[in-house]
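Chain residues, written in single-letter form:
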Amino acid sequence: MIPKIMEGFLKEVLPERTWHNRLVRENGRCFMEFYPMDVDRLNRLGIHPDKLGPKLVACIWDEESELEVGGYLVVDNLAMGRPSMGGIRISTELTPAVVHHLARGMTLKNAAANLPYGGGKVGIIADEKKINPKNKSELIRRFAGLLNRYTDVFLPGPDVGTRADDMKMIASVNGLDTALSKPAEMGGARGDETGAAGGGLIIAFQALLHELPRLRVLPQFANLQVPDPDQVSVMLQGFGAVGAQTARILLQKMPGARLVGVSDTTGYVYNSFGLPVDQLHGYWQTEKIVCLPFYQESIAPTGHKRAQTKYGTHSDDLLREDAFCFIPASPVINYLDTDSSSHPAMTIDHMGHWSIVLEGANTYSPEPSERARRERMELAVYRQKGIMIATDYLVNSGAVIYGSQEHLIKTPAHLRIPDHMLGDTKLVDQWLANHKDELLSLAEKRRAAGEKARSEVITRNMRELVDLLIADTDLLPSEAAEQISVGRITARERKRTAADIMERAVTIPESSTIQSAAALAMETHCPTLVVTGQSGELTGVITDWDITRATADGVQSSQTISKVMTRQVISASPQDSILEIVRKLEYHEISALPVVSDNTVVGIVDADILARKSLLPLLVSRPGE
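Trainee: What is the right way to read the sheet that holds strand β17 (residues 507–509) from this model?
Mentor: Strand pairing in a sheet takes place through backbone hydrogen bonds and is either antiparallel or parallel in direction. The strand order across the open sheet built from three strands is β17-β18-β19, with neighbouring strands paired in mixed fashion. Strand pairing shows two members of the sheet lacking a second neighbour, β17 and β19 (538–543), which therefore form its edges. Between one strand axis and the next, the sheet turns by 35° as a mean value, whatever way the strands run. Here β17 pairs with strand β18 (residues 528–532) via three bridges, running parallel. Looking across to β18, one finds that T507 is bridged to V530. Of the strands in this sheet, β17, β18 and β19 touch helix α19 (residues 514–524), which is tilted by about 165° from β17.

Spelled out as structure tokens, the structure:
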């Protein structure tokens, strides 16, 4: 059944006619899909389309399930490549707008990581804390059935509320190459167990330590002191999967570094001389919380006055403490602000003394109010206090880089689960067991590729970020980060051709009547029909305007279309670039171009397709790149 929260929201914002016209039912699975041209409906859902997207917003649910199974899929942008890639989040507080914000973050993150994938996200409407393991397994299995419709445009991975085992379920239903960050037994790149996200943050930290001295040319960094790597101190807001692995890898890669503070839902602990990382990591592995157990075992027995380590029950108070590097690694988008009315974790007038903020959690939002809040925060923190901020999608991409290898390095045909086994857990497990050694070897190959790509990409991001901030003193870190991502999207877009964006052409034989052409145009909602000869060769085009003009001129509808069609056709080749296509459309003042290879029509591109499938405004505005 549809989640009650989801149903209530959709009933409130969407008129009855939208439910009637857009709701598609397929064997108990329900889909309502909206596209860039559906501006009014998207606005009703809280989404305001812009030059990047979204390309698809789908409200999906299973009405035959006894469980509440439903949520939202947003494909924001496909310019970097198809399909899009992003996580599946479980929460009762998700709306299409929230999922779109997360999908936009993935667009920028995947672009910053130079991955050939667009940005997307899924939100499942459920309370993950109240779902027992059996029900969750059924929830994910049924949701995988809903996602099967979108395997060509979306690749899911784990996010808040989902794990590698959930991706295993999706891959068991839809196929090995339809989910990312799977267990190693499925050829997964071992991102979770090796700390792909946390390791990426440490790579970014090491790269920034190298790049930071260059910032001294800016007035706010004139007196910046950069310690040796073995002298740095670090604080972590949040000690979940990312925070715990970041702490572990920090001590591996930078043995002299000190982890001086951590927080979680039970409070915070702080010691300027350093905390015992192994002990904290042990608490996380066994209890999933660290601050309260550490207090009970290491602080309470000696008393607060004699203990060197502070403990506080209010986790946000960690942000009052000092460290060279502060890493927000909890799902709190608003960790700092100048204005208390936005309910930040801490206001800037009470924050500690830091030199770097390394964002290890999702902090991006395209919402105008959030962008304004972010700008005022960076003006105070970066511009006035001289604290470097490394935006999350530039540094927190280790997990997606690892996960992407599971699609970039395809599963060999002989290892793919046979179609007749998909959905049968016992048969799938047996298949995996029978091919264990080969799948583990594939997992290692993908892990090694992920490790190499992660180091190269994140190091490059830090260098480019500092380059941009030095070159333009008016830029804020989030603006520079967005320039890096959008620049890569534009560069990838420039390489796309007609073959990448064309759609299937609606063809009609030259011997057909005007009446049949009119009927075909109405049936397919296609304003331009491609006319073909006896051998399938291109002989002309006929548009809805041609048909209307013929009717006005008194031409009988029983006449063949050869009487009114256009024979001198301007066409494109599959290799034509998007800009070449646009120039042809504008120069010849036409609305569509058949795409022709060896005199055979292979597709069509028109203005609507360009609007839906390309980023022409960005391309045209960045001609020199």
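Trainee: Help me understand the nonpolar core, please; the structure alone is not making it clear to me.
Mentor: One recurring pattern in soluble globular proteins is that nonpolar side chains are buried together. Core analysis: the biggest nonpolar cluster contains 83 residues, and F205, F239, V262, L336, L358 and M388 have the highest contact counts within it. Take this core: its biggest share by element is eight residues, from helix α8 (residues 196–211). Dropping the residues within four chain positions of it, F239 is found in contact with A244, A247, L259, V262, S263, L280, H281, W284 and V290. V122, A144, V153 and L432 belong to the second-largest nonpolar core, a separate cluster that totals 37 residues.

Trainee: Explain the packing of helix α9 (residues 241–253) against helix α10 (residues 277–287) here, please?
Mentor: Between two packed helices, both the angle of their axes relative to each other and the distance between the axes serve to describe the pair. Between α9 and α10, whose axes approach to 10 Å, the crossing angle comes to 155°. The angle between α9 and α10 places the two elements in the roughly antiparallel class. Every pair of crossing elements has a handedness; the one defined by α9 and α10 is left-handed. Mapping the contact onto sequence places A241, A244, Q245, A247, R248 and L251 in α9 and V277, H281 and W284 in α10. Looking at the contact of α9 with α10 residue by residue, the classes come out as six nonpolar, two polar and one charged.

Trainee: Explain the pattern of salt bridges here, please?
Mentor: For side chains bearing opposite charge, pairing can occur when the charged atoms are close. Applying the stated criterion across every chain yields a total of 41 salt bridges. With a closest N to O distance of 3.3 Å, K121 and D159 form a salt bridge. Here K121, found in strand β6 (residues 118–125), pairs with D159, found in the loop between β7 (154–158) and α6 (164–174); they are 38 residues apart in sequence, far enough to count as distant. Take K121: its relative accessible area is 3%, and that puts it in the buried class. Here D159 falls in the buried class, since its relative accessible area comes to 18%. Across the pair E378 and R374 runs a salt bridge whose closest N-O atoms are separated by 2.8 Å. Linking E378 with R374, this pair stays in helix α12 (residues 368–384), spanning four residues, or about one helical turn. The exposure class of E378 is buried, given its relative accessible area of 0%. When its relative accessible area of 8% is taken as the criterion, R374 is described as buried.

Trainee: I tried to follow a negative patch on the surface on my own but got confused; where do I start?
Mentor: A cluster of acidic residues, E375, D472, D474 and E479, forms a negative patch on the protein surface. Position of E479 among the secondary structure elements: in helix α17 (residues 477–495).

What counts, and where the lines are drawn
Residues numbered from 1 in each chain as written. Predicted model: local features only at pLDDT ≥ 70, side-chain atom pairs only at ≥ 80, totals over all residues. Heavy atoms only, no water. Pairing = 2+ DSSP bridges. Helix = DSSP H or I, 4+ residues; strand = E, 2+ residues; numbered from the N terminus. Axes fitted to C-alpha atoms, helices over the stretch in contact; angles between N-to-C directions. Contact = heavy atoms within 4.5 Å. Core = buried A, V, L, I, M, F, W, Y, C linked by side-chain atoms within 4.5 Å. Buried < 20%, exposed > 50% of the residue type's maximum accessible area, 1.4 Å probe, protein only. Parallel < 35°, antiparallel > 145°, perpendicular 65-115°, else oblique. Left-handed = near helix turned anticlockwise from the far one by under 90°. Nonpolar A, V, L, I, M, F, W, Y, C, P; charged D, E, K, R; others polar. Salt bridge = Lys/Arg side-chain N within 4 Å of Asp/Glu carboxyl O. Patch = residues over 30% accessible without salt bridge, like charges linked within 9 Å, V, L, I, M, F, W, Y side chains within 5 Å. Areas by Shrake-Rupley, 256 points an atom, 1.4 Å probe, with all protein chains shown as cover. Lys, Arg positive; Asp, Glu negative; His and termini not counted. Charge placed at Lys NZ, Arg CZ, Asp CG, Glu CD.

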